[in-house]
Amino acid sequence: MKVNTIKNEKLGESYYEIKHPSGLTILVMCKPDYACTHAVFATKYGSIDTKIEENGVYREIPNGTAHFLEHKLFESEDIDAFERFAKTGAEANAFTSFDRTAYIFTCSDNFRQNLEILLDFVQSPYFTEETVKKEQGIIGQEIRMYKDVAGWEVMFNLLGALYHEHPVKVDIAGTVESIAEITAETLYGCYRNFYDLNNMLLAVAGSATLEDVLEVADRVLKKAGGKPANREFIREPATPVCRYIEEKLPVNVPRFMLGFKEDIKTPERSLKETVCVEIIHDVIAGKSSPLYKRMLEEGLINTGFSNEYFTGFGFACSFFGGDSNNPGKAAEEIRAEVQKFKQRGIGEKEFERARRKLYGRLVMMYDDVEEIAQNLVDAYLNGDGLFEEIEICAGLTVDDVNENLKEVLCDDNSALSVIMPLKGE
Amino acid sequence: MNEVKQVRIAEGADVCFVTANRFKTGKAHITMAMPLDGDIAAKAVLPFILRRSCRKYPDFTSLNGYLDELYGATLQAGVEKLGEAQLIKMSVGAIDDRFALDGGSVAEAAVGLLFDLFFDPKLENGMFTKADVDIEKRLLAERMMSELDDKRIYAQQKCVELMCGEEAFGKNRYGTLAEIESLTPERVYDAWQSVLKTAVIRIVAVGSSDTAEIEKMLVDRFTGIERSPSKITTKFIKKAEKVNYFSEEQPVKQGKLVMGFRTGMGAKEDYTSAMTVMSDIFGGGIYSKLFLNVREKMSLCYYCSSRLIREKGIMIVQSGIETKNEEKARNAILEQLDAMKSGDFKEETLKASLLSLNETLRAYGDSPDDICAWYSAQLLDEKLKTPEERAAEFNAVTFDEVADAARKITLDTVFMLTGTEAGGNEG
């Protein structure tokens, strides 16, 4: 078993990368002067994985299955994972996103015992028709809850307006109808396909040592026989489904999200592209941009206005949004500003300011063991090393950014999603 | 966790230093406590006005540009409630000097900026400008409205407002919409002056910076300010006389049930650690009665939890449920409380709760922000307590003390936000 050490002198940090004989990749960053350790056991299986590949043929599975499976994995034939963690005091949880399912815990004591529980319960599926039924009630309420959250609705409506085919437009938890189709057999099938250790990753950051991690891994990991699951690259049309979508909810303040979809030819964005877009966003719409000041003074936004580069396997878009008393006018101003920058390019000074900010924020990230572990997972799933982002940021030039600006933020590929208050309620 | 050094700066104002080299970020928080009455809206808008600009960086864009140059230093403003105190907060965070690309002291510049914002704001003819006040009052009103658009927060605030209608605690920490809309530069200026003179103030700084330098900066800033700190008290009601029930209909997909309880505290001093443990076993973690029964066994909800607000002596239970299950959920919650009262909970659940509380406390030392928050929250207490000292208090709590604490609890107010047919009940 080979242990690679990856170091960054400037940050004074290092981590280990191990390809375990079981097939699992393990990443460990030791922070001996911290009290806590955060561990993430993740699989490359999220809400966008709506199909299972069998001999080159893709078969559909119900929407929301990844999330449903995440809930059910905590149960076992004898003692549930939550009960086991209650005995150690660890704070354990799990989440499902577009491209992954992650099982996590944080603890300061009993690390080995906690890691053993984590690795063991995720490797021990136990589903019955009865327990599946019970979960449909709990998840049904989770789905309902999000339907009342304006920030959630505005984003999924936007994804629906932008994407024709890609499953990123599907709600992570599915719908009450789609989860009703899930059976114990569905869950076992998905488990076999996506929970192979070759498709998974363990990331640990904090006070635990490499010996702690490996001792438990050697003992508890069961050798995997399979291979990583394949994802189908769905090539989307460049243009959106529609340019505008609106929903009415019982809220006081209207909300909007403007999205620019990228016409991508390969499924994943490189780290350099991501860093470039983040800087572009900050120059155009960050807190010290002229656009931000102008819209704030004109009453078009408030300090909740933000932006995000939203990417994953087969999708990439730029989001700008927040509260607004005039979403149409706000979107118009953002679109005009984007056009202006696309024509004139980004200046050296603007670039340098945004780059310094990004650099500082990347340094700050290394204070938080949870963020480090999550970033180890992010970087690995993207095929990058953890320290590459800060190195790219330090070496980036304004020409790199202007080159990238030509490829992104095309007005023809944009759509606006708006939540308006229900009147007369 | 590292040792804390507390230094008095002026009457009712002190600074707490926690020196630590393990972080890449330095943090400083200023917290100012005032009674939750008077011109609440003016005090609420104050930190946001001060966060906009200062004499040195007189506009929002130049100030934010300076923060970017300081490697993305963070600057935050906020308002909170601590019992019946209104807390006005500002904080700054910056990377440690050793990571600066071109040398220079980032941390000291950032702390200096925070003090500039607070003590040396942008004034014209000795007054905040109308333009700044107008923008910030719109933003404050939107902040309040937007927060209430979250139905979970709305239902909880509504329950507290109805339950504590006769107490200051029932007030919104931002004031009322009418109070915000009528704000003037004069009122904001008066609020600033009264905060400078009468607020109980604590600064907490975490990092590797020179503490003597920060202390000197602070002493200089307070020189010439005549301080007479307000006495801040909170009204406690030991017991609910009867249960008040309220409901409201909105076209939402999920109903929200909120139950407010009195916890038998007649004063701040009546607080016992057993009450925190009791609330945690009842509805805190994944081992709690509410999680295991109302969610896991009965499948009624995705969340059902309880939270003790010790500074006010009340406990709040919340759950998101199907409207038609309201009675079932309410009865189930009260049944679990009765079980707590009769000592019907497991010794091992008490153990689980103590382990979890200990874990939470140990985590504070791993984050500069959490360390700041820990000592800031104690600004009205006689003596500073470390997380370790709090942990020792929890660990001394016995099974019988938890059951005793449960027996002091009485239900005061129930608020139910119900979904209408238009919004939900399909599927």
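Parameters at a glance
- Within each chain, residues carry numbers counting from 1 in the order of the written sequence.
- As a convention, the first chain written is A and the first ligand written is 1, with the rest following in written order.
- Only residues with pLDDT of at least 70 get local features here, since the model is predicted, and only at 80 or more are side-chain atom pairs given and counted; chain-wide, interface and lining totals rely on the full set of residues.
- As a rule here, side-chain values cover all heavy atoms of the structure and leave hydrogens and water aside.
- Numbered from the N terminus, helices here are DSSP runs of H or I no shorter than four residues, and strands are runs of E no shorter than two.
- Note that the radius of gyration is over C-alpha atoms, with the globule rule given as 2.2 Å times the number of residues to the power 0.38.
- Think of it in three bands: with a 1.4 Å probe and only protein chains considered, a residue is buried below 20% of the maximum accessible area for its type, exposed above 50%, and partly exposed in between.
- Two strands pair if DSSP finds at least two bridges between them.
- Every axis in this analysis is a line fitted to C-alpha atoms, fitted for helices over the stretch in contact. Angles between the N-to-C directions lie between 0 and 180 degrees.
- For a helix, the expected span equals 1.5 Å multiplied by the residue count minus one.
- One speaks of a salt bridge when a side-chain nitrogen belonging to Lys or Arg is within 4 Å of a carboxyl oxygen belonging to Asp or Glu.
- When checking whether two residues touch, look at their non-hydrogen atoms; a contact exists if any pair is within 4.5 Å.
- Side-chain atoms alone can form a polar contact between residues adjacent in sequence; in general such a contact is a pair of N or O atoms within 3.5 Å, and within protein one must be able to donate a hydrogen while the other accepts it.
- Source of the domain bounds: an automatic or database domain assignment.
- Throughout, the accessible surface (probe 1.4 Å) given up by two parts as they are put together, summed over both, is called the buried area.

### Details of the overall build of chain A
Within chain A one finds 15 helices and 14 strands. In summary, chain A has a C-alpha radius of gyration of 23 Å against a globular reference of 22 Å for 425 residues, a match within 12%. Each of the three principal axes of chain A carries a C-alpha extent, and together these read 60 × 55 × 45 Å. Residues counted as buried form 61% of the 425 residues belonging to chain A.

### Some words on the sheet that holds strand E8 (residues 101-107) of chain A
As a general point, the strands of a sheet are linked pairwise by backbone hydrogen bonds and lie either parallel or antiparallel. Residue and element names in this part refer to chain A. Pairing in this open sheet of seven strands is mixed, and the strands run E1-E2-E3-E9-E4-E8-E7 from one edge to the other. In this open sheet, the two edge strands, each paired with only one partner strand, are strand E1 (3-8) and strand E7 (91-96). Taking each pair of neighbouring strands and ignoring which way they run, the sheet shows an average axis angle of 15°.

### Digging into helix H11 (residues 327-344) of chain A
In this model, H11(A) (18 residues) spans 26 Å end to end at C-alpha, consistent with the 26 Å of a helix rising 1.5 Å per residue. Turning to H11(A), its buried residues are Pro327(A), Ala330(A), Ala331(A), Glu333(A), Ile334(A), Arg335(A), Glu337(A), Val338(A) and Phe341(A).

### A short note on the pattern of salt bridges
In total, this model carries 69 salt bridges over all chains according to the counting rule given. Close ionic contact of Asp263(A) with Arg235(A) constitutes a salt bridge, the shortest N to O distance being 3.4 Å. Residue Asp263(A) is found in the loop between strand E11 (255-261) and helix H9 (271-285), and its partner Arg235(A) is found in the loop between helix H8 (210-220) and strand E10 (244-249); the two are separated by 28 residues along the sequence. Taking the shortest distance from any N to any O, the salt bridge between Arg221(B) and Asp116(B) comes out at 2.8 Å. Taken together, the residues span a long stretch of sequence, with Arg221(B) in helix H8 (residues 211-222) and Asp116(B) in helix H3 (residues 106-119) at a distance of 105 residues.

### Topic: the environment of Leu308(B)
Residue and element names in this part refer to chain B. With respect to the helices and strands, Leu308 occurs in strand E9 (residues 301-309). Sequence spacing of Leu308 and Asn395 is 87 residues, and the spatial spacing of their C-alpha atoms is 18 Å. Each residue touching Leu308, except ones within four places of it in the same chain, is listed here: Thr263, Tyr271, Met275, Thr276, Ser279, Ile314 and Met315.

### Concerning the side chain of Lys261(A)
Residue and element names in this part refer to chain A. Looking at where Lys261 falls in the secondary structure, it is placed in strand E11. A distance of 2.9 Å separates the side chain of Lys261 from the backbone oxygen of Pro237, its partner in a polar contact. Separated by 3.4 Å, the side chain of Lys261 and the backbone oxygen of Thr239 make a polar contact. Discounting chain neighbours no more than four positions away, the residues touching Lys261 are Leu162, Tyr163, His164, Glu236, Pro237, Ala238, Thr239, Ala316, Cys317 and Asn413.

### Quick notes on the domain arrangement of chain A
In many analyses, interface size is given as the accessible surface area lost on bringing the parts together. Residue and element names in this part refer to chain A. Taken domain by domain, chain A consists of domain 1 (3-220) and domain 2 (244-421). Its C-alpha centre places domain 1 at a distance of 27 Å from the equivalent point of domain 2. Every contact between the two is made by 43 residues of domain 1 and, on the other side, 43 residues of domain 2. For the pairing of domain 1 and domain 2, the buried interface totals around 3,700 Å² over both sides, and the portion due to carbon and sulfur atoms is 73%. By the criterion of area lost to domain 2, the three top residues of domain 1 are Val154, Leu158 and Leu162, representing 15% of everything that side buries. Where domain 1 packs against domain 2, one counts one salt bridge. In this assembly, domain 1 and domain 2 are joined by 11 residue pairs in polar contact (both at pLDDT 80 or more). The set of elements that each furnish at least two residues to the side of domain 1 that touches domain 2 consists of E1, strand E2 (13-19), strand E3 (25-30), strand E4 (37-43), helix H5 (150-162) and strand E9 (200-206). If one sorts the elements of the side of domain 1 that touches domain 2 by residue count, H5 sits on top with 10 residues.

### So, the sheet that holds strand E14 (residues 414-421) of chain A
Residues and elements named next belong to chain A. With mixed pairing, five strands are arranged side by side in an open sheet as E10-E14-E11-E13-E12. Looking at which strands have only one partner, the edges of the open sheet turn out to be E10 and strand E12 (306-312). The sheet shows a mean angle of 20° between the axes of neighbouring strands, taken without regard to direction.

### What about unusual backbone geometry?
Of note, Asn110(A) is a non-glycine position whose phi angle comes to about 55°, a positive value. With respect to the secondary-structure elements, Asn110(A) resides in the loop between E8 and helix H3 (111-122). Even without glycine at this site, Ser299(B) takes up a positive phi of about 55°. Tracing the sequence through the fold places Ser299(B) in the loop between helix H10 (289-297) and E9.

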